[in-house]
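Remarks on the overall topology
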Amino acid sequence: MKKILVTGGSGFLGSHLCDRLIARGDDVLCVDNFFTGSKKNIVHLMGHPNFELMRHDVTFPLYVEVEQIFNLACPASPVHYQYDPVQTTKTSVHGAINMLGLAKRVNARILQASTSEVYGDPEIHPQPESYWGKVNPIGIRSCYDEGKRCAETLFFDYFRQHQLDIKVVRIFNTYGPRMHPNDGRVVSNFIVQALRGDDITIYGDGSQTRSFCYVDDLIDAFLAMMDTEKGFTGPVNTGNPGEFSMLELAELVLKLTGSKSRLVFKELPSDDPKQRKPDISLAREKLGWEPKVALEDGLKETISYFKHTLAL
Ligand code: NAD
Ligand code: UDP
Ligand code: UDP
């Protein structure tokens, strides 16, 4: 049994990670300030003898004793991270410093939930880890993109300067049950709109692409990465290489929900990347991992979750 800290543990990905760690017998400390996370996501774990929940903001120091840290604390959807952009940068940067300081003091292995956003609006397609990205440093997405890039810098400097045992994964768009219905991300937006019979909001002409990974596959990658040999730091791309335009996604959601919602076109937000697809060769080689869940199957699971939670 390992004592494991999950920051952002009551969020979408964090709560699934807590479930898997508890299921395999670890002792889990879930830390969250509930900015976007919810107690509902982890209520079923409360009272479990191996699970502890702490309300705490990672921009403040945290003194606990753990063997491993999964650092997930950070709002992930553009709507949420742009709500208080200064706090978003603080969460990524001060949060990383505090969690790295903690890892240093207790000699813990630490994994950073980084993002495909470090590639910005990429000129290379698909994106390998060696690509440095094309990121606007002063735009509305910068608090998140540059915050996450700076966090990666901190991780690699603690590795070089203090020999910390770091692991960095770059997560591409991931979806599944427990996404917040008002989260603003495309999969939850389209499903909720389709189920309610509301218009499906396509930003721009819908030709921009994303690659969507089902949450269970992503958690497999997290666990595999945490267990790689010491010295293997990543960064490693984790995502599903299937690539879909937002129009294709909308059509698929309409088909699977049987909804009669109309497609409406809205203005494309600034700096919205035109294309994104992970090159996962490194994950295949080093983690022996690749995603198993097809978009259609993952969407069915997610649709039934939203039907249930929204009582539709
Ligand atoms: P989420 O918003 O559901 O979860 C983030 C969690 O962090 C929430 O529970 C929130 O309350 C918590 N949090 C935010 N600021 C905090 C702070 N200062 N102190 C403590 N807790 C704080 O989002 P998610 O999709 O679960 O994302 C989890 C992590 O994965 C994030 O770091 C995100 O950047 C990264 N990521 C996610 C995706 C994706 O597609 N889901 C893609 C790339 C990267
Ligand atoms: N820190 C923490 N928990 C710990 C140890 C450190 O939150 O158990 C924080 C502390 O606030 C510190 C930061 O991590 O500012 C970085 O720690 P480090 O030891 O790298 O640097 P220093 O203490 O010299 O600032
Ligand atoms: N998007 C959309 N309609 C929505 C929400 C998002 O067309 O209601 C688009 C958005 O402009 C982007 C893509 O879907 O091109 C993915 O958006 P999301 O916020 O999910 O993730 P990110 O842009 O961070 O990859």
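Structural notes, computed from the coordinates.

Calculation notes
- Residues numbered from 1 in each chain as written.
- Chains lettered and ligands numbered in written order.
- Predicted model: local features only at pLDDT ≥ 70, side-chain atom pairs only at ≥ 80, totals over all residues.
- Heavy atoms only, no water.
- Near = heavy atom within 4 Å.
- Polar contact = N/O pair within 3.5 Å; in protein donor to acceptor, adjacent residues only side chain to side chain.
- Areas by Shrake-Rupley, 256 points an atom, 1.4 Å probe, with all protein chains shown as cover.
- Helix = DSSP H or I, 4+ residues; strand = E, 2+ residues; numbered from the N terminus.
- Nonpolar A, V, L, I, M, F, W, Y, C, P; charged D, E, K, R; others polar.
- Salt bridge = Lys/Arg side-chain N within 4 Å of Asp/Glu carboxyl O.
- Buried < 20%, exposed > 50% of the residue type's maximum accessible area, 1.4 Å probe, protein only.
- Contact = heavy atoms within 4.5 Å.
- Phe/Tyr/Trp six-rings, centres within 6.5 Å; stacked < 30°, edge-to-face > 60°.
- Lys NZ or Arg CZ within 6 Å of the ring centre and 35° of its normal.

**Quick notes on the site of ligand 3**
- Every one of the 17 residues lining ligand 3 counts as a neighbour, but Asn189, Thr201, Arg210, Asp272 and Arg276 are closest to it.
- Between Arg210 and ligand 3, the recorded distance is 2.7 Å, taken from a side-chain N or O atom to an oxygen atom.
- Here ligand 3 has 520 Å² of accessible area as a free molecule, and 95% of this is covered by the chains.
- Among the elements of the structure, helix 5 (186-196) and strand 8 (200-203) are those that each provide at least two residues to the shell around ligand 3.
- Of the residues in the shell around ligand 3, the class split is 6 nonpolar, 5 polar and 6 charged.

**Some points on the pattern of salt bridges**
- For the structure on display, the rule yields 20 salt bridges.
- With a shortest N-O distance of 3.0 Å, Arg160 and Asp157 are connected by a salt bridge. Here Arg160 and its partner Asp157 are both found in helix 4 (residues 142-162), 3 residues apart, which amounts to about one turn of the helix.
- Using a relative accessible area of 54% as the deciding quantity, one classes Arg160 as exposed.
- A salt bridge links Glu296 to Lys255; its shortest N-O distance comes to 3.5 Å. Of this pair, Glu296 sits in helix 9 (residues 295-309) while Lys255 sits in helix 7 (residues 246-257), and the two are 41 residues apart along the sequence.
- Given the relative accessible area of 30%, Glu296 is considered partly exposed.
- Judged by its relative accessible area of 54%, Lys255 is exposed.
- Within the structure, one salt-bridge network assembled from shared partners comprises Glu117, Arg141, Arg210, Asp272 and Arg276.

**Some points on the side chain of Thr88**
- Tracing the backbone shows Thr88 in helix 3 (residues 85-106).
- When sequence neighbours within four positions are dropped, the list of residues in contact with Thr88 reads Cys74, Pro75, Tyr81, Cys143 and Tyr144.

**Let's talk about the site of ligand 1**
- With respect to spatial proximity, 30 residues lie near ligand 1, and among them Asp32, Thr36, Tyr144, Lys148 and Thr174 are the closest.
- For ligand 1, a nitrogen atom lies 3.2 Å from a polar atom in the backbone of Asn33.
- Relative to its unbound accessible surface of 820 Å², ligand 1 loses 97% to contact with the protein.
- Within the residue set of the shell around ligand 1, elements represented by two or more residues are helix 1 (12-23), helix 3, strand 5 (109-115) and helix 4.
- With 3 residues, strand 5 is the single largest residue contributor to the shell around ligand 1.
- Taken together, the residues of the shell around ligand 1 break down into 13 nonpolar, 13 polar and 4 charged.

**Some remarks on the packing of aromatic side chains**
- Summed over all chains, the structure comprises 9 aromatic pairs.
- Seen in terms of ring centroids, Phe156 and Phe159 are 6.4 Å apart; in terms of plane orientation they differ by 75 degrees. Their pairing is edge-to-face. You can see Phe156 and its partner Phe159 sitting in helix 4, 3 residues apart, about one turn around the helix.
- On the basis of relative accessible area, Phe159 is assigned to the partly exposed category, the value being 29%.
- Three or more aromatic residues link up through ring pairs in this structure, and these residues are Tyr119, Tyr131 and Phe172.
- Above the ring of Phe34, the side-chain terminus of Lys39 is found at 5.5 Å from the ring centroid.

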